[in-house]
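# Report on the structure
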Amino acid sequence: MLSYIGRSSQLAPTLKGSAQAVASGLRNTVVPGAFEEAAVVVQPLPLLLTTTAMAKRCPTGPIKAKAGIAASSQVRYAHTDIQVPDFGAYRRDDVKDSRSKAGESASSRRSFTYMLVGGGTVGGIYSAKSVVTQFVSTMSATADVLALAKIEIKLDDIPEGKSVTFKWRGKPLFVRHRTDEEIETEGNVDVASLRDPEHDSIRCTDPKWLVVLGVCTHLGCVPIADAGDFGGYYCPCHGSHYDAAGRIRKGPAPLNLEVPVHIFTDDLLIVG
Ligand code: FES
């Protein structure tokens, strides 16, 4: 009897796989080639960009160098392939050479630094002073006001025995060229009898000249010169009489006429 055994190398694993259903100790239950291998996917490591994550990578203890078969090959903490800009143009000549000692040029470098700081300080102070001066000058009187602040009067133009009125700072100014008789009369007045006691010599630094503001001390009227009971000034508003020294002698005015600050030069009177 003939028996035929057909073998196909192509279909053998499949046929064997379908034929072998019971596991045995000699053969695997799963036939190789019956299933496709799953592709292994490797997930990339997450980027460690936070300070905490990066801090974990930094060495925390003293760095040790190891050598041997089992030791890791290399750990690099410094890179020499980074391009560092050349700052030589900004460095002082004394320290351009990396082999020179800094201590040898310290004094000269300090001198330069002190000179630079000192010069800057002086310049800063001068600038601050200019700014403050200009700021303060804006609050002072203008040139036209300053021009009016002073008045120069030629004394030769005022005859003896006459009182001339000038305008000074918006107010009338009386300048009286007194006679010898007036000087003697006013000098002999009993100061104790005056309402506003003031000696003639105090009011008139030069006895020949009386310089007073023409503003009545009662309510501010302008008195009339060469009038009144005492030969000086008379205020018609309420009847105040001033003498030839500008002192109140009669009437409601409480005080003498005001004597402004003034000086005499050769032939000039300067008020203000
Ligand atoms: S204002 Fe001169 S007396 Fe009154």
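Residues numbered from 1 in each chain as written. Predicted model: local features only at pLDDT ≥ 70, side-chain atom pairs only at ≥ 80, totals over all residues. Heavy atoms only, no water.

- Looking at an unreviewed UniProt entry, one finds the protein named Cytochrome b-c1 complex subunit Rieske, mitochondrial, with Homarus americanus as its source organism.
- We quote the UniProt Catalytic activity (unreviewed entry) comment for the protein here in full: "a quinol + 2 Fe(III)-[cytochrome c](out) = a quinone + 2 Fe(II)-[cytochrome c](out) + 2 H(+)(out)".
- The Sequence similarities (unreviewed entry) comment attached to the protein in UniProt states, word for word, "Belongs to the Rieske iron-sulfur protein family." (UniProt positions renumbered as here; feature names shortened; annotations may be inferred.)

## Thoughts on the overall build of the protein
- A tally of helices and strands in the protein yields six helices and ten strands.
- Summing over all exposed atoms, the protein offers an accessible surface of approximately 20800 Å²; the carbon and sulfur share of this is 59%. (Helix = DSSP H or I, 4+ residues; strand = E, 2+ residues; numbered from the N terminus. Areas by Shrake-Rupley, 256 points an atom, 1.4 Å probe, with all protein chains shown as cover.)

## Some points on the sheet that holds strand 1 (residues 151–154)
- Spatially, 1-10-9 is the arrangement adopted by the three strands of the open sheet, whose pairing is antiparallel. If you trace the sheet from one side to the other, it starts and ends with strand 1 and strand 9 (262–264), each paired once. Each neighbouring strand pair of the sheet contributes to a mean axis angle of 20 degrees, computed without reference to strand direction.
- Pairing of strand 9 with strand 10 (residues 268–271), which is carried by three bridges, proceeds in the antiparallel orientation. (Pairing = 2+ DSSP bridges. Axes fitted to C-alpha atoms, helices over the stretch in contact; angles between N-to-C directions.)

## Description of the state of the cysteines
- Within this structure, the stated rule accounts for one disulfide.
- Each sulfur of the disulfide joining Cys 221 and Cys 237 lies 2.0 Å from the other. On the sign convention where negative means left-handed, the S-S torsion of about -105 degrees between Cys 221 and Cys 237 marks this disulfide as left-handed. Residue Cys 221 is found in the loop between strand 4 (209–213) and strand 5 (224–225), and its partner Cys 237 is found in the loop between strand 6 (231–235) and strand 7 (240–243); the two are separated by 16 residues along the sequence. (Disulfide = S-S within 2.5 Å.)

## Some thoughts on a negative patch on the surface
- Taken together, Asp 156, Asp 157, Asp 266 and Asp 267 make up a surface patch of like negative charges.
- Within the secondary structure layout, Asp 266 lies in the loop between strand 9 and strand 10. (Patch = residues over 30% accessible without salt bridge, like charges linked within 9 Å, V, L, I, M, F, W, Y side chains within 5 Å. Salt bridge = Lys/Arg side-chain N within 4 Å of Asp/Glu carboxyl O. Lys, Arg positive; Asp, Glu negative; His and termini not counted. Charge placed at Lys NZ, Arg CZ, Asp CG, Glu CD.)

## So, the nonpolar core
- Counting residues in each nonpolar core, the largest one holds twelve residues, listed as Ile 151, Ile 153, Leu 155, Ile 158, Trp 168, Leu 173, Val 175, Trp 209, Val 211, Leu 213, Leu 269 and Val 271.
- Every element with two or more residues in this core is listed here: strand 1, strand 3 (171–177), strand 4 and strand 10.
- When residues in this core are grouped by element, the largest group, three residues, is from strand 4.
- The residues contacting Ile 158, other than those within four sequence positions of it, are Ile 153, Val 164, Phe 166, Val 175, His 177 and Trp 209. (Core = buried A, V, L, I, M, F, W, Y, C linked by side-chain atoms within 4.5 Å. Buried < 20%, exposed > 50% of the residue type's maximum accessible area, 1.4 Å probe, protein only. Contact = heavy atoms within 4.5 Å.)

## A short note on the sheet that holds strand 3
- The strand order across the open sheet formed by three strands is 2-3-4, and the pairing between neighbours is antiparallel. Of all strands in the sheet, those with a lone pairing partner are strand 2 (163–168) and strand 4, marking the two edges. Averaged over all neighbouring strand pairs, the angle between strand axes comes to 20 degrees, with direction disregarded.
- Two strands pair when backbone bridges link them, and strand 3 and strand 4 are joined in this way by five bridges, in the antiparallel orientation. Following the sheet pairing, Leu 173 is matched in strand 4 by Leu 213.

## Description of the packing of aromatic side chains
- Applying the stated criterion across every chain, the model contains two aromatic pairs.
- Centroid distance Phe 87 to Tyr 90: 6.5 Å. Interplanar angle 50 degrees. Geometry classified as tilted.
- According to the relative accessible area criterion, Phe 87 is partly exposed, its value standing at 48%.
- The ring of Tyr 233 has Arg 176 lying over it, and the distance from NZ or CZ to the ring centre is 5.4 Å. (Phe/Tyr/Trp six-rings, centres within 6.5 Å; stacked < 30°, edge-to-face > 60°. Lys NZ or Arg CZ within 6 Å of the ring centre and 35° of its normal.)

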